[in-house]
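Residue strings, one per chain:
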Amino acid sequence: MPIYLPEFIRSATETLTPRQIVAELDKYVVGQHAAKRAVAIALRSRMRRQKLPPDLADDVAPKNILMIGPTGVGKTEIARRLARLAQSPFIKVEASKFTEVGYVGRDVESMVRDLVELAVEMVRDERVEDVRGKAAANAEERLLDLLLPPVQPRPATATATSGDAADTGRMEQQQTRERLREQLRAGRLESRMVEIDVREKSSFPSFEIVAGSSVEEIDINLKDMLPGMFQGKTKQRRMRVPDALEYLTKDEQQKLIDMESVSRTAVERVQQAGIIFVDEIDKIAGSEGSHGPDVSREGVQRDILPIVEGTTVNTKHGMVRTDHILFIAAGAFHVSKPSDLIPELQGRFPIRVELEALGKDEFVRILTEPRSALIKQYTALMATEGIELTFTNEAIERIADFATVVNERAENIGARRLHTVMEKLLDEISFEGPDLRDKHVVIDEAYVARMLADIVKNEDLSRYIL
């Protein structure tokens, strides 16, 4: 019998073959076919594990990946796009920000807690979509109650009984309420003011206690012991009808969403489909038996090891097992090498992929091919000012040339160099755009040369500007 397979995993990955996953990643990331193959196989293997009998599935460890390559070649983007494709909770952490237990700094378990918090927000947003219609209807009724307070029935007359008078009053009130509803939906009540009870945030001063892995327990215990202190008080506020409707809708959404169910679903989602991207892992690679900073780096590795191997982390949403979270580690390894990691940690990243450095040809493709290519971004941004921006093929080639040259002469930051080059290239248009009379601007090879040539020739200047 297969283990429980959440609907979100089935819908996201069951129909996607590794080849199709690579094709989806190709829409956003240029090149790096080996890395795309590796993450596609890892994602497909996760889906295969879900179909195994429970006793066997528990023993199938995730195929964690170690990406090796310089900065700006697409390591993070591949992992982020993979998570979006799989609808998985995803978080990026930098290994160099963690410190060995006993030293000041973040403990490694915080990466799992942060992932759970992100998953809770994901699930909550999905539940909000499910209850949006009902919440809007409830909020509208509450607002109409504020606009039209209950009317006392008319006193009975000689020709009418008290029951008839009550019925007449209710009918008239209902008719008035429906007229108000029509006006509300038509937007004719936007200038009216209403008074509503608003829950304010607690004025209790915030504080933070750094106590290693017990921070979560302290947080939970404080809220259990002092519930009133963290809930805030209600206060009447006057606000316009549209603002009141928005507030009441959000309030109704909170009432309709079962946060305990959200937490349970989020924890399940993290355990079965979570992805943690550990960047700069090369920064904590140190030789065993060293002294000084290397000792701390090795300590961080040993602290990370149980999380990657599989342990249970205490969070305020419940206990979370990390056995089947997919870990993708990345580093440039300019100074150190993967073998400098402790052997136990190396063994937990069985898939190694080396990403290639980017050159002129890749830069040209990055500028034009992806769905969110830089040329498309800047063209759309300038279009908001009414400017029609056109790049010639020669200009794009020239931009790629300049980015390649600057990367060779200064620090090689990969595709990120294109951002700095494009910002400098379009500096004049971005500043003068709203005042330009001629709204059609052509970026040709001559324009690129005029804006960038002098800076690229001056190496000292290019280091600061580009």
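Before going into details, it helps to say that this report is about the structure given with it. (Residues numbered from 1 in each chain as written. Predicted model: local features only at pLDDT ≥ 70, side-chain atom pairs only at ≥ 80, totals over all residues. Heavy atoms only, no water.)

Looking only at helices and strands, the protein features 20 helices and eleven strands. Residue burial in the protein is summarised as follows: out of 466 residues, 42% are buried. Long-range pairs, those at least 24 residues apart, make up 79% of the contacts in the protein between residues at least 6 apart in sequence. Surface exposure of the protein reaches about 25,400 Å², of which carbon and sulfur atoms provide 50%. (Helix = DSSP H or I, 4+ residues; strand = E, 2+ residues; numbered from the N terminus. Buried < 20%, exposed > 50% of the residue type's maximum accessible area, 1.4 Å probe, protein only. Contact = heavy atoms within 4.5 Å. Areas by Shrake-Rupley, 256 points an atom, 1.4 Å probe, with all protein chains shown as cover.)

What follows is about the packing of helix α6 (residues 110-147) against helix α11 (residues 259-273). Contact geometry of α6 with α11 gives a least axis separation of 8 Å together with a crossing angle of 125 degrees. Considering the angle they form, α6 stands oblique to α11. Both α6 and α11 take part in a crossing whose hand is right-handed. Contacts between α6 and α11 involve L115, V116, A119, V120, M122, V123, R124, E126 and R127 from the first element and M259, S261, V262, T265, A266, R269 and V270 from the second. Grouping the constituent residues of the contact of α6 with α11 by class yields ten nonpolar, two polar and four charged. (Axes fitted to C-alpha atoms, helices over the stretch in contact; angles between N-to-C directions. Parallel < 35°, antiparallel > 145°, perpendicular 65-115°, else oblique. Left-handed = near helix turned anticlockwise from the far one by under 90°. Nonpolar A, V, L, I, M, F, W, Y, C, P; charged D, E, K, R; others polar.)

Turning our eyes to something else, we now look at the sheet that holds strand β9 (residues 351-354). Note on sheets: strands pair through backbone hydrogen bonds, and any given pair is parallel or antiparallel. The strand order β2-β5-β8-β1-β9 describes an open sheet built from five strands, whose pairing is parallel. Each edge of the sheet is formed by a strand with only one pairing partner; in this case those strands are β2 (90-94) and β9. With strand direction ignored, the average angle separating the axes of adjacent strands in the sheet is 20 degrees. As paired elements, strand β5 (residues 275-279) and strand β8 (residues 326-331) share four bridges and run parallel to each other. Looking at β8, one finds that V278 is bridged to A329. (Pairing = 2+ DSSP bridges.)

Here we come to α6. Under the 1.5 Å per step criterion, the end-to-end length of α6 is only 48 Å for 38 residues, more than 12% shorter than the ideal 56 Å. When the local axis directions of α6 are compared, the greatest deviation, roughly 55 degrees, occurs at V131. (Expected span 1.5 Å × (residues − 1). Bend = angle between axes of the 7 residues up to and from the residue.)

Quick look at the pattern of salt bridges now. The final tally for this structure, using the stated rule, is 30 salt bridges. With its nearest N and O atoms 3.8 Å apart, the salt bridge here joins K283 to E280. On the basis of relative accessibility, which here comes to 45%, the residue K283 falls in the partly exposed class. The salt bridge partner of K360 is D401, with a shortest N-O separation of 3.5 Å. Note that K360 is positioned in helix α14 (residues 360-368) and D401 in helix α16 (residues 393-409), a separation of 41 residues in sequence. Residue classification places D401 among the partly exposed positions, given a relative accessible area of 27%. Here the residues in one salt-bridge network are E140, E141, E178, R181 and R185, joined through shared partners. (Salt bridge = Lys/Arg side-chain N within 4 Å of Asp/Glu carboxyl O.)

For the rest of this paragraph, the subject is the packing of aromatic side chains. A complete count under the given rule lists zero aromatic pairs for this structure. Here the basic side chain of R81 rests over the ring of Y28, its NZ or CZ set 4.0 Å away from the ring centre. (Phe/Tyr/Trp six-rings, centres within 6.5 Å; stacked < 30°, edge-to-face > 60°. Lys NZ or Arg CZ within 6 Å of the ring centre and 35° of its normal.)

A word on the packing of α14 against α16. Relative orientation of the contacting elements α14 and α16 amounts to 125 degrees, with a least axis distance of 9 Å. Relative to α16, α14 is oriented oblique. The interaxial crossing formed by α14 with α16 has right-handed handedness. Residues K360, F363, V364, L367 and T368 of α14 touch α16, and the partners they reach there are I396, E397, I399, A400, D401, A403, T404 and N407.

This brings us to the nonpolar core. M67, I328, F391, M422, L425 and I443 are the most contacted members of the largest nonpolar core, which totals 61 residues. When neighbours within four sequence positions are excluded, L425 is seen to be in contact with F391, I399, I443, Y447, V448, M451 and L452. By size, the runner-up hydrophobic cluster in this structure holds 41 residues, among which are A95, V112, A329 and F333. (Core = buried A, V, L, I, M, F, W, Y, C linked by side-chain atoms within 4.5 Å.)

In this section: helix α17 (residues 416-425). Listing the buried residues of α17 in full gives R417, L418, V421, M422 and L425. All buried residues of α17 lie within an arc of 130 degrees about the axis, which places them on one face of the element. (Arc of directions from axis to C-beta.)

Below, the discussion takes up a negative patch on the surface. Together, E423, D427, E432 and D435 line one region of the surface with negative charge. Assignment of secondary structure puts E423 in helix α17. A residue is classified by how much of its surface remains accessible, and E423, at 45% relative accessible area, is partly exposed. (Patch = residues over 30% accessible without salt bridge, like charges linked within 9 Å, V, L, I, M, F, W, Y side chains within 5 Å. Lys, Arg positive; Asp, Glu negative; His and termini not counted. Charge placed at Lys NZ, Arg CZ, Asp CG, Glu CD.)

Below, the discussion takes up the environment of L66. Here L66 shows up in strand β1 (residues 65-68). For L66, a relative accessible area of 2% gives the class buried. Not counting the four nearest positions on each side in its chain, L66 is found in contact with I281, A329, A330, F333, P338, F349, I351, R352 and V353.

Time to look at the pairing of strand β7 (residues 318-321). One ladder, built from four bridges, connects strand β6 (residues 312-315) with β7; its direction is antiparallel. Bridge assignment links N314 to a residue of β7, and that residue is M319.

To continue, consider the side chain of K75. Looking at the secondary structure, you find K75 in helix α5 (residues 75-86). Sequence-distant contacts of K75, defined by excluding residues within four places in its chain, comprise M67, G69, P70, F277, A330, G331 and L355.

Glancing now at unusual backbone geometry. At Q87, a position not held by glycine, the phi torsion is positive, near 55 degrees. As for its position among the elements, Q87 is in the loop between α5 and β2. Of note in this structure, E280 is not a glycine but carries a positive phi near 55 degrees. Topologically, E280 is positioned in the loop between β5 and α12 (293-309). Since its relative accessible area comes to 21%, E280 is described here as partly exposed.

Take the environment of E397 next. Looking at the element boundaries, E397 is found in helix α16. Sequence separation between E397 and V364 is 33 residues; the distance between their C-alpha atoms is 6.3 Å. With sequence-adjacent residues up to four places away left out, E397 is seen in contact with K360 and V364.

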